[in-house]
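Working through the structure, step by step
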Amino acid sequence: MKKILIPVDFSEYSYGAVEYACQIVLANNSQQELDLIHVYTNHSNLYVNRDLDPDIVDPQIEISEREMAKMIALVQQKYPGVKTNALYRNGNLFEETSKVTATFPYDAVLMGTKGSSGIEAVFLGSNTYDVILNTKTPVLGIPKEALAFKKQRVGLLTNFKEAEIEVLLQAINLFGNGFELILVHINKDDQDIKIIDEKFKTWINYIVERSGINDISFHVKSRENISHAINNAIIDEQIDIVLVTKSRKSFFRKLISENIVRKMAYNITTPTFFARVHAPK
């Protein structure tokens, strides 16, 4: 069984993530199910007294269950071929999401982002940041502007590392193949372009062998602010989805170590797939 996990708080952002997930399922003609998880992070003052009276029911529970039923009904009406399941947990969003993903090999966690700043918005919420940074399950951040699932042009941030191949394969597992792959490399060491060209020739042949994707091109940016470089590459290449490798030698760790994540608010409104390798590569 293939599944996608989507944390929902019944905001427009989580509705957007659910819509996007439904479109992934239908585009792939797959049997992926959607698990919609709502985490009760704050109970009403009344519920605090539950230890004294176990029959006390927090009114927020009834409200959330009603909102969940409404959400599922909308999905069934608009996407009748998509199966959805409701999950409820108490506690911290990151911790509960981690527990759920530890019990089942989800294809990905889809999370709606707030605001129009794409990657930056993903990181603004501490819980969401923790999910992306620590979970073993891939996380796909969906900006609210991403109204439709598109994968004509998929960008992979690359440093010519084996781990990037595994992230690409995890992305294919989620939303299938049949796209043009754009390899985005930041020339932070100012290497001669001829050397980089040779690296790409070898790297592209290896990617074709490992993934079966043969429509591949590359985009090189000279050394500059990494967030600007990535954003400019996304715009220049009209990339629909960005793939980011969460390894110690990836752009992701570079972003974290340089503390420039919050500077990535330059109209990056592209769905971004964050995945880690299962073992050091």
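Here the residue index of a chain counts from 1 through its sequence in written order. Where local features are concerned, this predicted model is filtered to residues with pLDDT of at least 70; where side-chain atom pairs are given and counted, the filter is 80 or more; whole-chain, interface and lining totals use all residues. To obtain the side-chain values, all non-hydrogen atoms of the structure were used and water was disregarded.

**Brief notes about the overall build of the chain**
Note the following rule: Strands here are runs of E lasting at least two residues and helices are runs of H or I lasting at least four, both read from the DSSP assignment and numbered beginning at the N terminus. Should any heavy atoms of two residues lie within 4.5 Å, those residues are considered in contact. The method behind every accessible area is Shrake-Rupley, applied with a 1.4 Å probe, and residues are considered shielded solely by the protein chains displayed.
A count of helical and extended segments in the chain gives nine helices and 10 strands. If you take every contact in the chain between residues at least 6 apart in sequence, the share linking residues at least 24 apart comes to 81%. Summed over all atoms, the accessible surface of the chain reaches about 13,700 Å², with 48% contributed by carbon and sulfur.

**Re the side chain of Thr-97**
Threshold: Each residue is placed in one exposure class: buried if its accessible area under a 1.4 Å probe, protein chains only, is under 20% of its type's maximum, exposed if it is over 50%, and partly exposed if it falls in between. The term polar contact refers here to a pair of N or O atoms within 3.5 Å; inside protein, the definition further demands a hydrogen-donor-capable atom paired with an acceptor-capable atom, and it admits residues adjacent in sequence only when both atoms are side-chain atoms.
You can see Thr-97 is positioned in helix 3 (residues 93-103). For Thr-97, a relative accessible area of 1% puts it in the buried group. Reaching out from Thr-97, the side chain makes a polar contact with the backbone oxygen of Leu-93 at a distance of 2.7 Å.

**Focus: the packing of aromatic side chains**
Let me state the cut-off plainly: Note on aromatic pairs: the rings of Phe, Tyr and Trp (six-membered ring only in Trp) are paired at centre separations within 6.5 Å, and the planes decide the class, stacked below 30 degrees, edge-to-face beyond 60, tilted for the rest.
Overall, the coordinates contain nine aromatic pairs when judged by the stated rule. Ring centres 5.1 Å apart and planes at 65° place the aromatic pair Phe-104 and Tyr-106 in the edge-to-face group. Given a relative accessible area of 8%, Tyr-106 falls into the buried group. A ring pair is formed by Phe-160 and Trp-203, whose centres lie 6.2 Å apart and whose planes are at 75°; its orientation type is edge-to-face. A residue pair is termed long-range when its members are at least 10 positions apart, and Phe-160 in the loop between strand 6 (153-157) and helix 6 (162-175) and Trp-203 in helix 7 (residues 193-211) qualify at 43 residues.

**A closer look at the confidence of the model for the chain**
Filter applied, for reference: The predictor reports its confidence for every residue as pLDDT, a score running from 0 up to 100.
On average, residues of the chain score 82 in pLDDT, and 78% of them are at 70 or above. Scored below 50 in pLDDT, residues 44-49 shows eight contacts in the model against residues more than four places distant or in partner chains. The low-confidence segment residues 259-268 (pLDDT under 50) makes 27 contacts with residues lying over four places distant or belonging to another chain.

**Points about the environment of Lys-3**
As for its position among the elements, Lys-3 is in strand 1 (residues 3-7). Along the backbone, Lys-3 and Glu-33 are 30 residues apart, and their C-alpha atoms lie at a distance of 4.7 Å. Only 3.3 Å separates the side chain of Lys-3 from the side chain of Asp-35, close enough to count as a polar contact.

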